[in-house]
Amino acid sequence: MTLRKIIHVDMDAFYASVEQLDNPELRGKAIAVGGGSKRGVVSAASYEARKFGVKSAMSGALAQKLCPHLIFVKSNFDRYREVSQQIRKIFFEYTDLVEPLSLDEAYLDVTENKMGNPSATLIAQEIREKIKEKTGLNASAGISINKFVAKIASDYNKPNGQKTVYPKEIASFLEALEIRKFHGVGKVTAEKMYGLGIFTGKDLKEKSLEFLAENFGKSGPYYYNAVRGIHLSEVKPNRIRKSLGAERTFSENISSEVYMLERLEHIAEEIERRLKKSKVAGKTVTLKIKYSDFSLQTRSKTLSYFIASKELILETAKELLYQEKMKDSVRLLGISLSNLNTDKKVKVEDEPKEVYIQLKFKF
């Protein structure tokens, strides 16, 4: 079987870097995109800010505490999409097998490429140089025989670097890797693995398939194969959208269900707009609730028919809201629609990394 040559390109601090590119006064300074309001959340942080522990998904208040001289900048997704399209055009100069994951990262299969270049490493280098030349931005890349290893490798020499993991190096590369570096192992899973004596890829590899399935359920076989470098997923140019949602963080915690319904109506209206734009509908409605103590709860209901209207989405969300009593005041509400009718292969294009989008309404 011919081994694939996969490149994972990941832009360095993309949103923040675009802001620094457009505004020379911000270059070399600690900046955060988003998070500037009282209850705002950081969307991206420059490397200058990351040195102080500032990172995406962090509250603006905590970011400011960690980095008192942090500069907050409003996000401009129209601009980020514009730059992303420029970068994507470069990808297509080399291959049509491009799978965008978000505005700032993508997989490329260059096993057979338009340049006739047998070296994926050299192609990655060329792509990064062209991105720098045409946009002024830095990109990092990972190169290997599958998407899993390539994605891990792209983070290895960040920022503005690349890493090639050749077939004969995959076993030792993964065995030496800290378990939290494995794609698909989040904070909670990592803590559980630590409790089971799994700290590195080598530790994970020593566990049997039965052990991993018993302790991690359906994810067990994935971890078993991943640490052995087995990942057969192909680069898919047209990814199918699996869910669509929106959420809202409030400027102050709310406890009144009347206020919550008012906010949910705005969110349902935004989802309806996005569903119409994407020409999709869904059966499963999920209500996301984040309480004032930052604990998170989700409630879902699957209907027997597809819905796309604000009225039906809101009606189901109301039912989920009243499903059980709120345990505390609420700082965030979100609605998502999944189980979509995406048989027609609706493309996921130009979306931020987050599954949800943040809505800004006055409280």
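Residues numbered from 1 in each chain as written. Predicted model: local features only at pLDDT ≥ 70, side-chain atom pairs only at ≥ 80, totals over all residues. Heavy atoms only, no water.

A.B. asks: What exactly am I supposed to notice about empty space enclosed by the protein here?
C.D. replies: Which parts of space are left empty comes out when a probe the size of a water molecule is rolled across the atoms. Per the stated rule, a full pass over the model turns up 2 cavities of 30 Å³ or more. By volume, the largest cavity amounts to about 60 Å³. If you go around the largest cavity, the residues you meet are Val-9, Met-11, Ser-84, Ile-87, Arg-88, Phe-91, Pro-100, Ser-102, Leu-103, Asp-104, Glu-105 and Ala-106. Residue contributions to the lining of the largest cavity peak at 4 residues, all from helix α4 (residues 77-92). Of the residues contributing to the lining of the largest cavity, the split by class is 7 nonpolar, 2 polar and 3 charged. (1 Å grid on protein atoms, 1.4 Å probe; cavity = no way out; pocket = protein on both sides within 12 Å on 5 of 7 lines; lining within 4 Å. Points joined across faces, edges and corners; volume = space filled by probe spheres on them. Helix = DSSP H or I, 4+ residues; strand = E, 2+ residues; numbered from the N terminus. Nonpolar A, V, L, I, M, F, W, Y, C, P; charged D, E, K, R; others polar.)

A.B. asks: Just to check I follow, could you spell out the sheet that holds strand β1 (residues 6-11) for this structure?
C.D. replies: To summarise the sheet geometry, strands pair through backbone hydrogen bonds and adopt either a parallel or an antiparallel arrangement. The strand order across the open sheet built from 5 strands is β5-β6-β1-β7-β8, with neighbouring strands paired in mixed fashion. Looking at the sheet topology across the chains shown, the edges are occupied by β5 (98-102) and β8 (162-164). Sheet twist, expressed as the average angle between the axes of neighbouring strands with direction ignored, equals 15 degrees. Sheet strands in contact with α4 are β1, β5 and β6 (105-109), and its direction is about 155 degrees off that of β5. (Pairing = 2+ DSSP bridges. Axes fitted to C-alpha atoms, helices over the stretch in contact; angles between N-to-C directions. Contact = heavy atoms within 4.5 Å.)

A.B. asks: I'm lost on the packing of aromatic side chains in this one. Help?
C.D. replies: According to the stated counting rule, one finds 11 aromatic pairs in the structure shown. Here the aromatic rings of Tyr-156 and Phe-173 are separated by 5.5 Å at their centres, their planes lie at 55 degrees, and the arrangement is tilted. Here Tyr-156 is found in the loop between α6 (147-154) and β8, whereas its partner Phe-173 is found in helix α7 (residues 170-175), with 17 residues between them in sequence. The exposure class of Phe-173 is buried, given its relative accessible area of 10%. An aromatic cluster is present here, built from Phe-148, Phe-182, Phe-216, Tyr-222 and Tyr-223 joined pairwise through their rings. Above the face of the Phe-216 ring, Lys-192 is positioned so that its terminal group lies 5.0 Å from the ring centre. Directly above the aromatic system of Phe-211 lies the positively charged group of Lys-207, at a separation of 4.9 Å from the ring centroid. (Phe/Tyr/Trp six-rings, centres within 6.5 Å; stacked < 30°, edge-to-face > 60°. Buried < 20%, exposed > 50% of the residue type's maximum accessible area, 1.4 Å probe, protein only. Lys NZ or Arg CZ within 6 Å of the ring centre and 35° of its normal.)

A.B. asks: Is there a simple way to explain a nonpolar patch on the surface in this structure?
C.D. replies: Where nonpolar side chains cluster on the molecular surface, the patch consists of Phe-52, Leu-62 and Leu-66 and spans about 240 Å² of accessible area. Checked against the element boundaries, Phe-52 lands in the loop between α2 (47-50) and α3 (60-66). (Patch = residues over 30% accessible without salt bridge, like charges linked within 9 Å, V, L, I, M, F, W, Y side chains within 5 Å. Areas by Shrake-Rupley, 256 points an atom, 1.4 Å probe, with all protein chains shown as cover. Salt bridge = Lys/Arg side-chain N within 4 Å of Asp/Glu carboxyl O.)

A.B. asks: Would you take a moment to explain the pairing of β5 for this structure?
C.D. replies: Side chains on a regular strand alternate between the two faces of the sheet. The buried fraction of β5 amounts to 4 of the 5 residues, a majority that puts the element mostly inside the structure. By the bridge criterion, 4 bridges tie β5 to β6 in an arrangement that is antiparallel. The residue of β6 that forms the bridge with Ser-102 is Glu-105. Hairpin geometry of β5 and β6 is characterised by an intervening segment of 2 residues between the two adjacent antiparallel strands.

A.B. asks: Even after reading the chapter, I still don't get the sheet that holds strand β3 (residues 42-45), so can you show me in this structure?
C.D. replies: Strand order across the open sheet formed by 3 strands is β3-β2-β4, with mixed pairing between neighbours. Each end of this open sheet is capped by a strand with a single partner; those strands are β3 and β4 (71-73). For this sheet the average axis-to-axis angle between neighbouring strands, irrespective of direction, equals 30 degrees. Pairing between strand β2 (residues 31-34) and β3: 3 bridges, direction antiparallel. Directly across from Gly-34, in β3, lies its bridge partner Val-42.

A.B. asks: Looking at this structure, I do not really get the nonpolar core. What am I missing?
C.D. replies: Soluble globular proteins tend to bury their nonpolar side chains together. Counting residues in hydrophobic clusters, the biggest one holds 33 residues, and the most contacted among them are Ile-7, Val-9, Phe-14, Phe-91, Leu-108, Ile-127 and Ile-131. Among the secondary structure elements, those contributing two or more residues to this core are β1, α1 (14-22), β2, α4, β6, α5 (120-135) and β7 (139-144). When sequence neighbours within four positions are dropped, the list of residues in contact with Val-9 reads Phe-91, Asp-104, Glu-105, Ala-106, Leu-108, Ile-127, Ile-131, Ala-139, Ser-140 and Ala-141. (Core = buried A, V, L, I, M, F, W, Y, C linked by side-chain atoms within 4.5 Å.)

A.B. asks: In this structure, what is going on with the confidence of the model for the protein chain? I would like to understand it.
C.D. replies: Atomic detail in the predicted coordinates should be set aside for any region of low pLDDT. When the pLDDT values of the protein chain are averaged, the result is 89; 93% of them are 70 or greater. Note on residues 344-363: pLDDT is under 50 here. Beyond four places in sequence and across chains, it has 63 contacts. (pLDDT = per-residue confidence, 0-100.)

A.B. asks: Which parts of the structure should I look at to understand the packing of helix α12 (residues 257-278) against helix α13 (residues 310-321)?
C.D. replies: The description of two helices packed together rests on the angle between their axes and the distance between the axes. At a closest axis distance of 9 Å, the pairing of α12 and α13 adopts a crossing angle of 140 degrees. At the point where α12 passes α13, the crossing takes the right-handed sense. Contact with α12, carried on its side by Glu-257, Met-260, Leu-261, Leu-264, Glu-265, Ala-268, Glu-269, Ile-271, Glu-272 and Leu-275, involves Lys-310, Glu-311, Ile-313, Leu-314, Lys-318 and Leu-321 of α13 and no other residues of that element. Split by residue class, the contact of α12 with α13 holds 9 nonpolar, no polar and 7 charged. (Left-handed = near helix turned anticlockwise from the far one by under 90°.)

A.B. asks: What exactly am I supposed to notice about the packing of α4 against α5 here?
C.D. replies: Interhelical geometry of α4 versus α5 gives an angle of 145 degrees and a closest axis separation of 10 Å. Every pair of crossing elements has a handedness; the one defined by α4 and α5 is right-handed. In this structure, α4 contributes Val-83, Gln-86, Ile-87, Ile-90 and Phe-91 to the contact, and α5 contributes Ile-127, Lys-130, Ile-131, Lys-134 and Thr-135. Among the residues making up the contact of α4 with α5, the classes are represented as 6 nonpolar, 2 polar and 2 charged.

A.B. asks: Help me understand the pairing of strand β11 (residues 296-307), please; the structure alone is not making it clear to me.
C.D. replies: Across 8 bridges, the pairing between strand β10 (residues 282-291) and β11 is antiparallel. In the strand pairing of β11, Thr-284 is matched with Thr-302. Linking two consecutive strands that pair antiparallel, namely β10 and β11, is a turn of 4 residues; a positive phi of about 75 degrees is found at Phe-294 within it.

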